[in-house]
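Chain and residue survey
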Amino acid sequence: MSNWEKNLRKITPYVPGEQPKNSNIIKLNANENPYPPSPEVINALKNFDAEHLRMYPNSSSLKLKSAIAKHFKLKESEIFVGNGSDEVIALAFMACFHSSKPILFPDITYSFYPVWCSLFDIDYQTIPLDKDFCVNIADYNRENGGIILPNPNAPTGMGLYKNDMEALFEQNKNSIIIIDEAYVDFGAYSCIELLHKYDNVIVIQTFSKSRSLAGMRIGMAMGNEKIIQTLEAVKNSYNSYTMDSIAIEVGTASIADENYLKQTCQKIIATRQRTTKALKNMGFHVFPSQSNFLFVTHNTVPAIEIFEKLKSDNILIRYFNLPRINNHLRITIGTDEQMDILLQHISNIVSMS
Ligand SMILES: *Cc1c(COP(=O)(O)O)cnc(C)c1O
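Residues numbered from 1 in each chain as written. Predicted model: local features only at pLDDT ≥ 70, side-chain atom pairs only at ≥ 80, totals over all residues. Heavy atoms only, no water.

**A short note on the overall build of the protein**
Scanning the protein from N- to C-terminus turns up 10 helices and 12 strands. Buried positions account for 52% of the 353 residues belonging to the protein. Here the contacts in the protein between residues at least 6 apart in sequence split such that 73% fall between residues at least 24 apart. Of the roughly 16900 Å² of accessible surface on the protein, a fraction of 50% belongs to carbon and sulfur atoms. With 34 positive and 37 negative side-chain charges, the protein shows a spacing of 1 Å between the two charge centroids. (Helix = DSSP H or I, 4+ residues; strand = E, 2+ residues; numbered from the N terminus. Buried < 20%, exposed > 50% of the residue type's maximum accessible area, 1.4 Å probe, protein only. Contact = heavy atoms within 4.5 Å. Areas by Shrake-Rupley, 256 points an atom, 1.4 Å probe, with all protein chains shown as cover. Lys, Arg positive; Asp, Glu negative; His and termini not counted. Charge placed at Lys NZ, Arg CZ, Asp CG, Glu CD.)

If you want it as structure tokens, here you go:
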């Protein structure tokens, strides 16, 4: 009997929020943006000449890098782009966490981090959030082989400010620190202005949330040239063409339309504030969010019950069956109309329990 199965890798993958086929669903489970991408993006797609697809794209996505560099007032050599920030983070783990000491990240955070550690054989240690689910920078003052921290954190939605960030960077000058700013445009502090002060820090952002381009897969890293060069080298050791020609054009159009980004984020922030108030009135504890989602727990009704009932009403939110947060829910901010329907259903659920 053959025994090839022993050669197969055993691995437990990250599980993203589900993408149902049914289009009647109100989908508030994957932190997608309810608004379309910038009209400039739609123009770029209309004007894209499909004949170009016979050729390989520029392997370092120079056009997109140059637009990003201009936007953030950085050099092209300080920018890296990839197929979604998930890919950029994965490559950054390979490029930057090459130490025998464990890397550090919070116990409650983006659940992809431990999956990459396992895939790339990186030792890690989780640091518990405090009792209010906040990151305590002093807890990161210990030997480590690197740090990754989302700001604002997910799924709590709460962020750190400049003084905390600088304290973290000052304490850890011998490690590379990755700040995952997937949600930063919704009102959190961005470390980009600190990149020239701390050469051991890289900031990673995505076009998926604030720029409404989750389906296009564009992410970016910004930081010291040496780190960016290593990211390029790792990428070029694995796949030279992670960005297709269409993504390069679309990303370039999106980054140039700053007004649209600001308007969309402002709308989502206003809806978030309104939804926060309404949920508090129904007996929820709502963590102060700097993102496009709310992290909540109800005083009396179990989270799983609310999640299941909403699901049977065709409203999808996110429930994590994980230690410390298995009575919490993560709700993406949709349009005002979507949130009104959600609030109506939640009001029925909590008043009947
Ligand atoms: C959504 C998200 C990402 C990944 O986004 P991409 O779609 O892969 O760009 C990375 N980090 C966090 C914390 C996220 O929530």
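**Things to note about the site of the ligand**
Near the ligand the following residues occur: G84, S85, D86, I89, Y110, D180, A182, Y183, T206, S208, K209 and R217. In this structure, an oxygen atom belonging to the ligand sits 2.7 Å away from a side-chain N or O atom of R217. Across the complex, the protein chains shield 93% of the 390 Å² of accessible surface that the ligand would expose by itself. Per-element accounting of the shell around the ligand gives the leading share, 4 residues, to helix α3 (residues 84-96). Of the residues assigned to the shell around the ligand, the class counts are 4 nonpolar, 4 polar and 4 charged. (Near = heavy atom within 4 Å. Polar contact = N/O pair within 3.5 Å; in protein donor to acceptor, adjacent residues only side chain to side chain. Nonpolar A, V, L, I, M, F, W, Y, C, P; charged D, E, K, R; others polar.)

**Section: the packing of aromatic side chains**
A full pass over the atoms with the stated rule returns 19 aromatic pairs. For the pair Y14 and Y110, a centre-to-centre distance of 5.5 Å together with 65° between the ring planes defines the contact as edge-to-face. Taken together, the residues span a long stretch of sequence, with Y14 in the segment before β1 (26-27) and Y110 in the loop between β3 (103-106) and α4 (113-120) at a distance of 96 residues. Taking 6.3 Å as the distance between ring centres and 65° as the angle between the ring planes, the aromatic pair formed by Y110 and W116 counts as edge-to-face. Here the aromatic residues Y14, F93, F97, F105, Y110, F112, Y113, W116 and Y124 are joined through ring pairs into a cluster of three or more. Sitting above the plane of the F207 ring, R211 keeps its charged end 5.4 Å from the centroid. (Phe/Tyr/Trp six-rings, centres within 6.5 Å; stacked < 30°, edge-to-face > 60°. Lys NZ or Arg CZ within 6 Å of the ring centre and 35° of its normal.)

**Description of the nonpolar core**
The biggest cluster of nonpolar side chains holds 51 residues, and the ones touching the most others in it are I68, F169, I179 and M222. Setting aside residues up to four positions removed in sequence, I179 forms contacts with L149, N151, M165, F169, C191, V201, I202, V203 and I204. By size, the runner-up hydrophobic cluster in this structure holds 34 residues, among which are F186, I268, F284 and I331. (Core = buried A, V, L, I, M, F, W, Y, C linked by side-chain atoms within 4.5 Å.)

**Notes on the environment of N292**
As for its placement among the helices and strands, N292 is situated in the loop between β9 (284-286) and β10 (293-298). Other than its neighbours up to four places away in sequence, N292 contacts N31, E32, Y183, F186, K209, I268, I331, T332 and I333. A polar atom in the side chain of N292 sits 3.0 Å from the backbone oxygen of N31.

**Quick word on unusual backbone geometry**
Here the bond from N151 into P152 is cis, since omega is -5°, no more than 30 degrees from zero. The omega torsion across A154 and P155 is 5°, close enough to zero to call that bond cis. Relative to the elements of secondary structure, P155 occurs in the loop between β5 (147-150) and α5 (162-171). Of note, the phi angle at N31 is positive, near 55°, even though the residue is not glycine. When you line up the elements, N31 lands in the loop between β1 and α1 (39-47).

**Quick word on the packing of α3 against α4**
Helix-helix packing: each pair is described by the crossing angle between the helix axes and the interaxial distance. Here α3 crosses α4 at 45°, and the two axes come no closer than 10 Å. When the interaxial angle is binned, α3 and α4 end up oblique. The handedness of the crossing between α3 and α4 is right-handed. In contact with D86, I89, A90, F93 and M94 of α3, α4 contributes Y113, W116, C117 and F120. When the residues that make up the contact of α3 with α4 are grouped by side-chain class, the tally is 8 nonpolar, no polar and 1 charged. (Axes fitted to C-alpha atoms, helices over the stretch in contact; angles between N-to-C directions. Parallel < 35°, antiparallel > 145°, perpendicular 65-115°, else oblique. Left-handed = near helix turned anticlockwise from the far one by under 90°.)

**Some words on the side chain of S208**
Tracing the chain through its elements places S208 in the loop between β7 (201-206) and β8 (219-223). Polar side-chain contacts of S208 include one of 3.4 Å to the side chain of R217. Excluding its chain neighbours within four sequence positions, the residues that come into contact with S208 are L213, A214, R217 and I218.

**Observations regarding the packing of α3 against helix α6 (residues 225-235)**
Where α3 meets α6, the axes come as close as 9 Å, and the angle between the chain directions of the two elements is 105°. In terms of orientation, α3 lies roughly perpendicular with respect to α6. Taken together, the residues of α6 that come into contact with α3 (itself represented by V88, L91, A92, M94, A95 and C96) are I227, T230, L231, V234 and K235.

Distances and angles like these do not, on their own, reveal function.
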